[in-house]
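Fold and geometry: a report
Chain residues, written in single-letter form:
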Amino acid sequence: KLNGMSRIAHNGYGKTLYLQQNYKEAMKHFKIANNKAYYSECFWEIRDAWINKYIGTILIILAAAYLCRMLWKPVGKKIFPKRKEPKILKTHKAPKLLKDILYIFNFIRHPIDSFYNVKKGEKGTVLSASILYLATFVIFMCDRLFRGFIFNHTSAKDVSILSVMALFFIPCFLWVIGNYMVSSINEGEGKLRAVYVGTAYAMAPYTIAAPFILILTYILTLNEAFYINFAWYLSLAWSVVLIFLGIMEIHNYTFKEALKNVLITIFFMAMAITAFAVLYIIWGQVVDFLNQLIGEVTYRALY
């Protein structure tokens, strides 16, 4: 009552409720106290009780669904025999933009062929790639700011969306520009369009896996954090591998040439960020000097 935000008080009261097996109420106090370990324990108890209560019903529903599916195959063929599709359905095509966006799934199965098609301009456009960049950014922002409490290390209230945008778009921009510039002086065959589009599609593993990982943060506990971390790092590593394969295919590089290209591009990105930081600091000092100078002149002119 004296201090509603006292972590010590909420932490102690939460432990008392935990020992009384009032887990739902204890979670509220552990959340205020930012005690993720005890919050996870309470959540595990609630989840375990829910599973024990509904596991039988869930298994019966799954078994019934599987049985219906098995029985429907022979019955369905007799009731609804296959008919020839009308010509209008055969000639109907999905919008090209939608097909280009959904082509991202092809990079999971056939990355080399997919990058070749992007290089030749047969698949993927600047518009579809831009949409994928925006979709990946939204997923990146949600993954960073809106994870479940147990796995959320950054509060959305304390982080600016502009900083998250900068964290995502600046490296992407520097990578595309830097990679194209480096490849242009190292006998690379890829055009700027191919690098831009290929990079968007190369992030497919993270773009596809991150939403499912985000959902798991609301289901799993700290004891199962390994699965979330493993899936997250695997999707990220897979995306990096695809980017590397994309460089090899788009620029027609060997492994060594692609590795050299990546290292030089990363060096370019580091130098660009350093130069921008230095210019930002210098500009801040210049603005501060001008403000002081104008203030001094104004003071002497008026008084």
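Residues numbered from 1 in each chain as written. Predicted model: local features only at pLDDT ≥ 70, side-chain atom pairs only at ≥ 80, totals over all residues. Heavy atoms only, no water.

**Topic: the overall build of the protein chain**
Regarding its fold elements, the protein chain presents 13 helices and zero strands. Scanning the protein chain from its N terminus toward the C terminus, one meets helices and strands in the order α-α-α-α-α-α-α-α-α-α-α-α-α. Compactness check: the protein chain gives a C-alpha radius of gyration of 28 Å against a globular reference of 19 Å for 303 residues, more than 25% above the reference. Along the longest, intermediate and shortest principal axes, the C-alpha atoms of the protein chain span 95 × 70 × 40 Å. Here the protein chain, with 303 residues, has 31% of them falling under the buried criterion. Total accessible area on the protein chain stands at roughly 20,800 Å², and carbon and sulfur atoms take up 69% of it. Separation of charge centres in the protein chain, based on 33 positive and 17 negative side chains, amounts to 12 Å. (Helix = DSSP H or I, 4+ residues; strand = E, 2+ residues; numbered from the N terminus. Rg over C-alpha atoms; globule rule 2.2 N^0.38 Å. Buried < 20%, exposed > 50% of the residue type's maximum accessible area, 1.4 Å probe, protein only. Areas by Shrake-Rupley, 256 points an atom, 1.4 Å probe, with all protein chains shown as cover. Lys, Arg positive; Asp, Glu negative; His and termini not counted. Charge placed at Lys NZ, Arg CZ, Asp CG, Glu CD.)

**Considering a nonpolar patch on the surface**
A surface patch of nonpolar side chains, about 860 Å² in accessible area, is lined by Val278, Ile282, Trp283, Val286, Phe289, Leu290, Leu293, Ile294 and Val297. Take Val297: it is sitting in helix α13 (residues 255-302). Overall, Val297 belongs to the partly exposed group, its relative accessible area being 49%. (Patch = residues over 30% accessible without salt bridge, like charges linked within 9 Å, V, L, I, M, F, W, Y side chains within 5 Å. Salt bridge = Lys/Arg side-chain N within 4 Å of Asp/Glu carboxyl O.)

**Side note on unusual backbone geometry**
Residues other than glycine seldom take positive phi values, yet Asn34 does so here, at roughly 60 degrees. Looking at where Asn34 falls in the secondary structure, it is placed in the loop between α2 (23-32) and α3 (36-79). Looking at Asn34, the relative accessible area reads 38%, which means it is partly exposed. One non-glycine residue with positive phi stands out, namely Glu187, at about 60 degrees. Within the secondary structure, Glu187 is located in the loop between α9 (161-184) and α10 (192-202).

**Quick notes on the nonpolar core**
Residues Phe107, Tyr133, Val164, Phe168, Trp175, Tyr201 and Ile247 are the most contacted members of the largest nonpolar core, which totals 37 residues. Broken down by element, this core gets its largest block of residues, eight residues, from helix α8 (residues 126-145). Contact partners of Trp175, with chain neighbours within four places excluded, come to Thr199, Ile243, Ile247, Val262, Thr265 and Met269. Of all hydrophobic cores here, the second largest spans 15 residues; its members include Cys42, Phe43, Ile150 and Phe151. (Core = buried A, V, L, I, M, F, W, Y, C linked by side-chain atoms within 4.5 Å. Contact = heavy atoms within 4.5 Å.)

**Regarding the packing of helix α11 (residues 204-216) against helix α12 (residues 225-250)**
Between α11 and α12, the least distance of the axes is 9 Å, while the angle of their chain directions is 170 degrees. The angle between α11 and α12 places the two elements in the roughly antiparallel class. Residues Pro205, Tyr206, Ala209, Ile213 and Leu216 of α11 lie in contact with α12, whose contacting residues are Ile228, Ala231, Trp232, Ser235, Trp238, Ser239 and Leu242. Looking at side-chain class alone, the contact of α11 with α12 contains ten nonpolar, two polar and no charged residues. (Axes fitted to C-alpha atoms, helices over the stretch in contact; angles between N-to-C directions. Parallel < 35°, antiparallel > 145°, perpendicular 65-115°, else oblique. Nonpolar A, V, L, I, M, F, W, Y, C, P; charged D, E, K, R; others polar.)

**A look at the packing of aromatic side chains**
According to the stated counting rule, one finds 18 aromatic pairs in the structure shown. Their ring planes at 50 degrees and their centres at 5.8 Å tell us that Phe137 and Phe168 sit as a pair that is tilted. Remark: Phe168 occurs in helix α9 and Phe137 occurs in helix α8; sequence separation between them is 31 residues. The exposure class assigned to Phe168 is buried, which follows from its relative accessible area of 7%. What links up through ring pairs into an aromatic cluster is the set Tyr18, Tyr23, Phe30 and Tyr38. (Phe/Tyr/Trp six-rings, centres within 6.5 Å; stacked < 30°, edge-to-face > 60°.)

**Quick look at the confidence of the model for the protein chain**
For the protein chain, the average pLDDT comes to 86, and 91% of its residues sit at 70 or higher. Scored below 50 in pLDDT, residues 85-92 makes one contact in the model with residues more than four places away or belonging to other chains. (pLDDT = per-residue confidence, 0-100.)

**Remarks on the packing of α9 against α10**
Put simply, α9 and α10 touch, their axes get as near as 9 Å, and they point 140 degrees apart. For the element pair α9 / α10, the angle class is oblique. The two elements α9 and α10 meet at a crossing, and its hand is right-handed. Across the interface between the two elements, Trp175, Val176, Ile177, Asn179 and Tyr180 of α9 pack against Leu192, Val195, Tyr196 and Thr199 of α10. (Left-handed = near helix turned anticlockwise from the far one by under 90°.)

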